[in-house]
Amino acid sequence: MFRILDLSTSSTDINYLNQIQPLSLCNNKCTPGYRKSTKEGKPFCCYNCLQCPFGKVSQQQDSGDCSQCPEGSYANLNQDSCTTKDVHFLSYNEPLGVVLVMLAICFSFITTCVHWIFVKYQDTPIVKANNRNLTYLLLIALLLSFLCVCLFIGHPNNVMCVFQQPAFAIIFSVAVSCVLAKTIIVVLAFMATKPGSRMKKWVGKDLANSIVISGISIQVIIWLTTSPPFLHFDAHSLSEEIILECNEGSTIMFYCALGFLGLLATINFMVAFFSRKLPNSFNEAKFITFSMLVFCSVWLSFVPSYVSTKGKYMVAVEIFSILTSSFGLLGFIFFPRCFIIVMRPELNDKKQLLKGKH
């Protein structure tokens, strides 16, 4: 005996069935961070789940494509959302910035002390023999070179960017030009002591001033008038941070400024090296030779280090080069003189200097 089944359904049951979506039996749904990829020869409900490419995200299940994060943000590790980038610059609040500032302050204090010693003993033979005006100008330039480090640390702004690189270039041009003027004057002064020499008219303030002025005029004209630096937001160099930096304005001008400093330093080194065997009363050339050797070594190593770094570490490399080269000039040129003035005053005598001529 057969039993007849009633296959009729109510309208409520029909509506309920229409609201239920069919589930794929091929695979689970793709989670956020992945996108769907169809399988060849399979129904549309069967697909692979592929992880989003680097830097892109998908924020929904079964997303058909991944999207790029907006400018100023980056994809998180799961690639399912975008995270806002942090602003990246060398700050006074981090250890690296604190160490560099402390070094700059310490070197500035040492430079001030050296300047005070030379001013206090300005009438002694050893200070007079080293051209006091150029000595004071060089010490002021070295002091400013240490203090200009403060322009490179902290939150950059338009005013800071305008003065940052040009101040560095001009101050170092003055410093190296002063050293070059001192070296040339030492050589000419020795040559002027020879009987019948016509070099006396070249020895004096006019020569020193002309060398220094010619050294800084090129920097002022080319750098500031053609392509001044500006504030720049770099959102592409680092994946998770925005670099807030001072753009040089023109890379060519920046390296031209470094090249000009290198030219001055090379000429200085050559002149000082060939005049290092002058009599003891003029033996400042020996100290200038070592100072220029340190100066050239620092800035030759600066270029590859500067190019290979980004963000605050690039700024730190430039600050370290400024501090090292400036302290090299200060140490080799002035410390031996200060030692004689303070520790061996009996050598700071005109008779002792005259003995060096023979």
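In this text, all values refer to a predicted model and were calculated from it rather than measured experimentally.

> Would you mind going over the packing of helix α7 (residues 251-274) against helix α8 (residues 284-307) with me for this structure?
Their axes nearest at 8 Å, the elements α7 and α8 cross at an angle of 155°. Taken together, the axes of α7 and α8 lie roughly antiparallel to each other. In the crossing of α7 with α8, the sense of the turn from one axis to the other is left-handed. Taking contact as the criterion, the partners of Phe254, Tyr255, Leu258, Leu261, Ala265, Thr266, Asn268, Phe269, Ala272 and Phe273 in α7 are, on α8, Ala285, Ile288, Thr289, Met292, Leu293, Phe295, Cys296, Trp299, Phe302, Val303, Tyr306 and Val307.

> Any chance you could explain the sheet that holds strand β8 (residues 230-234) here in plain terms?
Strand pairing in a sheet is mediated by backbone hydrogen bonds. Such pairs are either parallel or antiparallel. Read from one edge to the other, the open sheet built from 3 strands follows the order β7-β9-β8, with strand pairing classed as mixed. Each edge of the open sheet is held by one strand with a lone partner, namely β7 (86-88) and β8. Across the sheet, the axes of successive neighbouring strands diverge by a mean angle of 25°, strand direction being ignored. Across 3 bridges, the pairing between β7 and strand β9 (residues 241-247) is parallel. Residue His88 lies in a different strand from β9, and its bridge partner there is Ile243.

> So what exactly am I meant to see when it comes to the layout of surface pockets here?
The gaps of empty space that remain are located by a probe, the size of a water molecule, rolled over the atoms. Taken as a whole, the second largest pocket spans an internal volume of roughly 380 Å³. Lining the second largest pocket we find 19 residues, and of these Phe54, Gly55, Tyr74, Ala75 and Ser239 sit closest to its centre. The leading source of residues in the lining of the second largest pocket is strand β5 (residues 73-75), at 3 residues. Here the residues of the lining of the second largest pocket sort into 8 nonpolar, 8 polar and 3 charged.

> What is the right way to read helix α2 (residues 95-120) from this model?
An α-helical turn contains 3.6 residues, so any two residues separated by three or four positions project in the same direction. In this model α2 runs 37 Å from its N-terminal to its C-terminal C-alpha over 26 residues, within 8% of the 38 Å that 1.5 Å per residue would give. All buried positions along α2 are accounted for by Gly97, Leu100, Val101, Ala104, Phe107, Ser108, Thr111, Val114, Ile117 and Phe118. Looking at the buried positions of α2, the neighbouring elements they touch are α3 (125-128), α4 (132-147) and α9 (312-343).

> For this particular structure, what's the right way to read empty space enclosed by the protein?
Scanning the model with the defined rule gives 1 cavity of 30 Å³ or more in all. Surrounding the largest cavity, 20 residues form its lining, Gln164, Leu244, Glu245, Cys246 and Val315 being those nearest its centre. Here the lining of the largest cavity is composed, by residue class, of 12 nonpolar, 5 polar and 3 charged.

> Just to check I follow, could you spell out the UniProt feature "transmembrane region" (unreviewed entry) in the protein chain for this structure?
The sites that carry the UniProt feature "transmembrane region" (unreviewed entry) are, in the present numbering, residues 96-118, 134-155, 167-190, 211-232, 252-275, 287-307 and 313-335. End C-alpha atoms of residues 252-275 are separated by 34 Å, and the span's content is 96% helix alongside 0% strand.

> Please explain the state of the cysteines as it appears in this structure.
Enumeration over the complete set of coordinates arrives at 4 disulfides. In this model, Cys69 is linked to Cys82 through a disulfide, with the two sulfur atoms separated by 2.2 Å. Taking the sign of the torsion about the S-S bond as the criterion, the disulfide between Cys69 and Cys82, at about -90°, is left-handed. With Cys69 in the loop between β4 (67-68) and β5 and Cys82 in strand β6 (residues 82-84), the pair connects residues that are 13 residues apart, well separated along the chain. Each sulfur in the disulfide pair Cys161 and Cys246 lies 2.0 Å from the other. Disulfide Cys161 to Cys246: torsion about the S-S bond roughly -75°, handedness left-handed. Taken together, the residues Cys161 in helix α5 (residues 158-192) and Cys246 in strand β9 connect sequence positions 85 residues apart.

> For this particular structure, what's the right way to read the packing of aromatic side chains?
Here a ring pair, both rings aromatic, is described through the centre-centre distance and the interplanar angle of the planes. Counting across every chain of the model gives 14 aromatic pairs. Centre to centre, the rings of Phe172 and Trp299 are 5.8 Å apart; their planes meet at 85°, and the pair counts as edge-to-face. Taken together, the residues span a long stretch of sequence, with Phe172 in helix α5 and Trp299 in helix α8 at a distance of 127 residues. Judged by centre distance (4.9 Å) and plane angle (40°), the rings of Phe302 and Tyr306 are tilted. Linking Phe302 with Tyr306, this pair stays in helix α8, spanning 4 residues, or about one helical turn. Taken together, the ring pairs in this structure connect Phe168, Phe172, Phe254, Tyr255, Phe295, Trp299, Phe302 and Tyr306 into an aromatic cluster. Taking NZ or CZ as reference, Lys36 lies 5.2 Å from the ring centre of Tyr47, over its face.

Scoring rules and cut-offs
- Residues numbered from 1 in each chain as written.
- Predicted model: local features only at pLDDT ≥ 70, side-chain atom pairs only at ≥ 80, totals over all residues.
- Heavy atoms only, no water.
- Axes fitted to C-alpha atoms, helices over the stretch in contact; angles between N-to-C directions.
- Helix = DSSP H or I, 4+ residues; strand = E, 2+ residues; numbered from the N terminus.
- Parallel < 35°, antiparallel > 145°, perpendicular 65-115°, else oblique.
- Left-handed = near helix turned anticlockwise from the far one by under 90°.
- Contact = heavy atoms within 4.5 Å.
- Pairing = 2+ DSSP bridges.
- 1 Å grid on protein atoms, 1.4 Å probe; cavity = no way out; pocket = protein on both sides within 12 Å on 5 of 7 lines; lining within 4 Å.
- Points joined across faces, edges and corners; volume = space filled by probe spheres on them.
- Nonpolar A, V, L, I, M, F, W, Y, C, P; charged D, E, K, R; others polar.
- Expected span 1.5 Å × (residues − 1).
- Buried < 20%, exposed > 50% of the residue type's maximum accessible area, 1.4 Å probe, protein only.
- UniProt positions renumbered as here; feature names shortened; annotations may be inferred.
- Disulfide = S-S within 2.5 Å.
- Phe/Tyr/Trp six-rings, centres within 6.5 Å; stacked < 30°, edge-to-face > 60°.
- Lys NZ or Arg CZ within 6 Å of the ring centre and 35° of its normal.

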